Amino acid sequence: MFSNKDILRFANLETPFYYYDLNLLQTTLTSCAEAAKLYNFHVHYAMKANFNASLLQQIKAIGFGADCVSGGEVNEAIQTGFAKEQIVFAGVGKSDKEINLALDQDIFCFNVESVQELEVINELAGKKGKKARVAIRINPNVDAHTHHNITTGLDENKFGVNSWDLSACAEVLRASANLEFIGIHFHIGSQITNLDVYKNLCVRVNEFAFWFEERGFPVKVLNVGGGLGIDYHNPDQQVPDFGSYFKIFSEFLEIKPGQEVHFELGRALVGQSASLISRVLYVKNGKKKNFVILDAGMTELMRPALYQAYHKIENLTRGSEVALKYDIVGPICESTDCFGKEVEQPETFRGDLFAIRSAGAYGEVMASKYNLRDEIRSVYSEEV
Ligand code: LLP
């Protein structure tokens, strides 16, 4: 929801830009931190959702750790001031350079995704005379019931160690002097809105924890990943229900004394805190279709083109009285450069301001320079 003051301010700014509501971000972070505290759960922010520096500062300040998927993210987390002992590092393809960097930084834990990766980390840690803390990322074959492009926990996905490889993992762990096994890790997908999915995950986590314990590997950390979805259809209903989410894990996980439960939330923390603000360049009234051509495109927000993702689109200049249907498109030379088809809008004119809502997660960070576009800019609510 934008105030008249916001809209007046936008009218004087060059478009397109991401507009970040830092107050909403704070409310969301506080809500999550308070809900997690009830159960003593640990939250790592999944940096891949958005590594905008202002957001990272705010997220660090609330006391969350960082979940990284590249050497670049590990570096950025450390530079931002995230505590090293709260940094975890996942990814199916960690390069030697990235592993060495993370070893040098003494991060909390590598979430290891294959038997071979275990061997490589053992070898590289040995060369440095270090012991690397590792958790095994297990692919639990649990359906996240989300878009297939953002499902990660099924047998056919590339992520994690499949159950049939766990014995090989256990053997390598036993034989590796430079590895310290601390726990198990899962991440089954993103934009999960059916919370029952997490009950199924908990059942599998309990089974795998038992599997390791039975073989003499104490499981100190249960890291259940992230994936909690947001309501893209109601962007004004802004703070996800962290209470119900954490409650499921407290009820369905068999948490042993001394065991820690870790989460890696991305979208749920930052998703509703930003909109992409854009101006109408042209309106083309065709025979079959009316097109609104914006000055933002898939180069600024790729999700609709990549996953046919829905984002609510609002004409900020004309209010909400629906008059016509438009295809809302960008200026990029690709037919998939479309934010929405047949979207009901008030009659629209060149120069109108549009907001594409719920763009705080996987928006700015997935922007590209395709077509040699200008780098996307950010504007913050604080500056009002
Ligand atoms: N942990 C791991 C190991 C992950 O791979 C991810 C996301 C997360 C945590 C955080 O998931 P979240 O809480 O944000 O759902 N670009 C896609 C989403 C890709 C998610 C990749 N992994 C999109 O725009 O929908």
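Residues numbered from 1 in each chain as written. Predicted model: local features only at pLDDT ≥ 70, side-chain atom pairs only at ≥ 80, totals over all residues. Heavy atoms only, no water.

(A) Fine view of the nonpolar core. The biggest cluster of nonpolar side chains holds 102 residues, and the ones touching the most others in it are Phe110, Ile136, Ile184, Phe212, Phe246 and Phe249. Of the residues forming this core, the biggest block, nine residues, is contributed by helix H8 (residues 196-214). Counting contributing residues per domain, this core is built from domain 1 (4-17 + 272-380) and domain 2 (22-271), each supplying no fewer than three. In contact with Phe110, other than residues within four places in its own chain, are Phe89, Lys94, Ile99, Ala102, Leu103, Ile121, Ala132, Arg133, Val134 and Ala135. Listed in part, the 10 residues of the second largest apolar core include Leu316, Leu353, Ala355 and Val379. (Core = buried A, V, L, I, M, F, W, Y, C linked by side-chain atoms within 4.5 Å. Buried < 20%, exposed > 50% of the residue type's maximum accessible area, 1.4 Å probe, protein only. Helix = DSSP H or I, 4+ residues; strand = E, 2+ residues; numbered from the N terminus. Domains from an automatic or database assignment. Contact = heavy atoms within 4.5 Å.)

(B) Layout of the layout of surface pockets. In this structure, the largest pocket encloses a volume near 680 Å³. Looking at the largest pocket, it is lined by 32 residues, and the ones nearest its centre are Lys48, Thr152, Phe159, His187 and Tyr362. Across the lining of the largest pocket, the residue classes tally to 13 nonpolar, 11 polar and eight charged. Three or more residues apiece are contributed to the lining of the largest pocket by two domains, here domain 1 (4-17 + 272-380) and domain 2 (22-271). (1 Å grid on protein atoms, 1.4 Å probe; cavity = no way out; pocket = protein on both sides within 12 Å on 5 of 7 lines; lining within 4 Å. Points joined across faces, edges and corners; volume = space filled by probe spheres on them. Nonpolar A, V, L, I, M, F, W, Y, C, P; charged D, E, K, R; others polar.)

(C) The packing of helix H2 (residues 22-39) against helix H3 (residues 53-61), seen in detail. Where H2 meets H3, the axes come as close as 10 Å, and the angle between the chain directions of the two elements is 30°. Relative to H3, the element H2 lies roughly parallel. Seen along the crossing, H2 lies across H3 with a hand that is right-handed. Counted together, Leu22, Leu25, Gln26 and Leu29 of H2 and Leu55, Gln58 and Ile59 of H3 form the full contact between these two elements. (Axes fitted to C-alpha atoms, helices over the stretch in contact; angles between N-to-C directions. Parallel < 35°, antiparallel > 145°, perpendicular 65-115°, else oblique. Left-handed = near helix turned anticlockwise from the far one by under 90°.)

(D) Structural detail: the domain arrangement of the protein. Domain assignment breaks the protein into domain 1 (4-17 + 272-380) and domain 2 (22-271). When each unit is reduced to the centre of its C-alpha atoms, the spacing between domain 1 and domain 2 is 33 Å. With 20 residues of domain 1 at the contact, the number on the domain 2 side is 26 residues. Here domain 1 packs against domain 2, burying approximately 2,100 Å² in sum over the two surfaces, 51% of which is carbon and sulfur. Contact with domain 2 buries area across many residues of domain 1, yet Gln272, Tyr362 and Tyr380 alone supply 33% of it, more than any other trio. Between the two partners, domain 1 and domain 2, sit one salt bridge. Taking the shortest distance from any N to any O, the salt bridge between Asp236 and Arg357 comes out at 2.9 Å. Inspection of the domain 1/domain 2 interface yields 11 residue pairs in polar contact (both at pLDDT 80 or more). Secondary-structure elements contributing two or more residues to the side of domain 1 that touches domain 2 are helix H11 (303-307) and strand E17 (377-380). (Buried area = accessible area lost by both parts, 1.4 Å probe. Salt bridge = Lys/Arg side-chain N within 4 Å of Asp/Glu carboxyl O. Polar contact = N/O pair within 3.5 Å; in protein donor to acceptor, adjacent residues only side chain to side chain.)

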